[in-house]
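What follows is the residue order along each chain.
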Amino acid sequence: GIQVEQSPPDLILQEGANSTLRCNFSDSVNNLQWFHQNPWGQLINLFYIPSGTKQNGRLSATTVATERYSLLYISSSQTTDSGVYFCAVFNDMRFGAGTRLTVKP
Amino acid sequence: DTAVSQTPKYLVTQMGNDKSIKCEQNLGHDTMYWYKQDSKKFLKIMFSYNNKELIINETVPNRFSPKSPDKAHLNLHINSLELGDSAVYFCASSQRVFGEQYFGPGTRLTVT
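This section reports on the structure supplied with the text. (Residues numbered from 1 in each chain as written. Chains lettered and ligands numbered in written order. Predicted model: local features only at pLDDT ≥ 70, side-chain atom pairs only at ≥ 80, totals over all residues. Heavy atoms only, no water.)

**Concerning the layout of surface pockets**
All names here are of chain B.
Next, step 1: Of the voids in this model, the largest pocket is the one considered here, and its volume is about 300 Å³.
Next, step 2: Where the lining of the largest pocket is concerned, the elements lending two or more residues are β9 (87–94) and β11 (107–111).
Next, step 3: In terms of residue class, the lining of the largest pocket is built from 7 nonpolar, 7 polar and 4 charged. (1 Å grid on protein atoms, 1.4 Å probe; cavity = no way out; pocket = protein on both sides within 12 Å on 5 of 7 lines; lining within 4 Å. Points joined across faces, edges and corners; volume = space filled by probe spheres on them. Helix = DSSP H or I, 4+ residues; strand = E, 2+ residues; numbered from the N terminus. Nonpolar A, V, L, I, M, F, W, Y, C, P; charged D, E, K, R; others polar.)

**Here we look at the interface of chain B and chain A**
Next, step 1: Facing the 16 residues of chain B at the interface are 15 residues of chain A.
Next, step 2: Between chain B and chain A, a total of about 1,500 Å² is buried, with carbon and sulfur atoms accounting for 60% of that surface.
Next, step 3: It is B:Lys41, B:Leu43 and B:Phe98 in chain B that bury the most area against chain A; as a group they hold 35% of the surface buried on that side.
Next, step 4: Taken together, the connections running from chain B to chain A amount to 0 salt bridges.
Next, step 5: Counting across the chain B and chain A interface gives 5 residue pairs in polar contact (both at pLDDT 80 or more).
Next, step 6: Put simply, the parts of the chain that give the side of chain B that touches chain A at least two residues each are β4 (31–37), β5 (43–50) and β10 (101–103) of chain B.
Next, step 7: When its residues are assigned to classes, the side of chain B that touches chain A shows 10 nonpolar, 3 polar and 3 charged. (Contact = heavy atoms within 4.5 Å. Buried area = accessible area lost by both parts, 1.4 Å probe. Salt bridge = Lys/Arg side-chain N within 4 Å of Asp/Glu carboxyl O. Polar contact = N/O pair within 3.5 Å; in protein donor to acceptor, adjacent residues only side chain to side chain.)

**Details of the state of the cysteines**
Next, step 1: This structure, assessed with the given rule, holds 2 disulfides over all chains.
Next, step 2: Here A:Cys23 engages in a disulfide with A:Cys87; their sulfurs sit 1.9 Å apart. What sets the handedness of the A:Cys23 and A:Cys87 disulfide is the S-S torsion sign, and at about -50 degrees it is left-handed. Pair noted here: A:Cys23 is in strand β3 (residues 19–25) and A:Cys87 is in strand β9 (residues 83–89), with a separation of 64 residues, a long-range link.
Next, step 3: By relative accessible area, A:Cys23 is classed as buried at 0%.
Next, step 4: A:Cys87 gets classed as buried once you look at its relative accessible area, which sits at 0%.
Next, step 5: Residue B:Cys23 pairs covalently with B:Cys91 via a disulfide, S to S 1.8 Å. A torsion of -75 degrees about the S-S bond marks the disulfide between B:Cys23 and B:Cys91 as left-handed. Separated by 68 residues along the polypeptide, B:Cys23 in strand β3 (residues 19–25) and B:Cys91 in strand β9 bring together distant segments of the chain.
Next, step 6: Taking the relative accessible area as the measure of exposure, B:Cys23 reaches 1% and is therefore buried.
Next, step 7: Residue class for B:Cys91 comes out buried when judged on its relative accessible area of 0%. (Disulfide = S-S within 2.5 Å. Buried < 20%, exposed > 50% of the residue type's maximum accessible area, 1.4 Å probe, protein only.)

**Side note on the nonpolar core**
Next, step 1: Of all hydrophobic cores here, the largest spans 22 residues; its most connected members are A:Leu32, A:Trp34 and A:Leu72.
Next, step 2: Aside from chain neighbours lying at most four places away, what touches A:Leu32 is A:Cys23, A:Phe25, A:Phe47, A:Tyr48, A:Ile49, A:Pro50, A:Thr63, A:Ser70, A:Cys87, A:Ala88 and A:Val89.
Next, step 3: In this structure, B:Ile21, B:Cys23, B:Tyr49 and B:Tyr89 belong to the second largest nonpolar core, which totals 19 residues. (Core = buried A, V, L, I, M, F, W, Y, C linked by side-chain atoms within 4.5 Å.)

**Structural notes on the pattern of salt bridges**
Next, step 1: In total, this model carries 6 salt bridges over all chains according to the counting rule given.
Next, step 2: One salt bridge in this structure joins A:Arg94 and A:Asp92, with 3.1 Å as the shortest N-O distance.
Next, step 3: According to the relative accessible area criterion, A:Arg94 is partly exposed, its value standing at 37%.
Next, step 4: Residue A:Asp92 is classed as partly exposed on the basis of its relative accessible area of 27%.
Next, step 5: Residues B:Lys71 and B:Asp30 are paired through a salt bridge, measuring 2.7 Å at the closest nitrogen-oxygen approach. Of the two residues, B:Lys71 sits in the loop between β7 (64–70) and β8 (73–78) while B:Asp30 sits in the loop between β3 and β4, which places them 41 residues apart along the sequence.
Next, step 6: Judged by its relative accessible area of 37%, B:Lys71 falls in the partly exposed class.
Next, step 7: Through salt bridges with shared partners, a single ionic network connects B:Arg63, B:Glu82 and B:Asp85.

Encoded structure:
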């Protein structure tokens, strides 16, 4: 099956900083999704992005399918951005292990 | 309006009991899923139904049995609960197979 690797596993930021989260996958994909799991456990859709670039407020994502990676950018981070960010590849129904983000005030 | 809902939100039960978790989606989606999230936050697919037909059945003990009475509902029944079944169970739905998925709030199952 497709391997999905996320980096870094943990990230601590000061409020206002920017960050980039990475998702590498081992084979071609035609669907990829980013989620945020907040501290209350809720899984929130961020982007469905099999290819190209999308933006939503302070968040944006880019998937380069030919090079088998996707990036999630968070700008001007806020404490409410804390939680775990997951990348999922639904060709093979695989989630990455997640990046745990902590934003300090 | 809740798009994907699950009941109950919390479930505490003893080993050996049988329990069910219910899931409903009002998005008009054709495909529904059950995932298990373990204590290390790792999410793993268990089952998927498309138009009430089982299309994914991962290596899951046969004590777990999904049931889809209609496209909007996918329930999970667990027999003879074990300590290792303690986890958070998420239901999800998508318009088409392997399409963009929307998750329910999760059910935290604790087996004592």
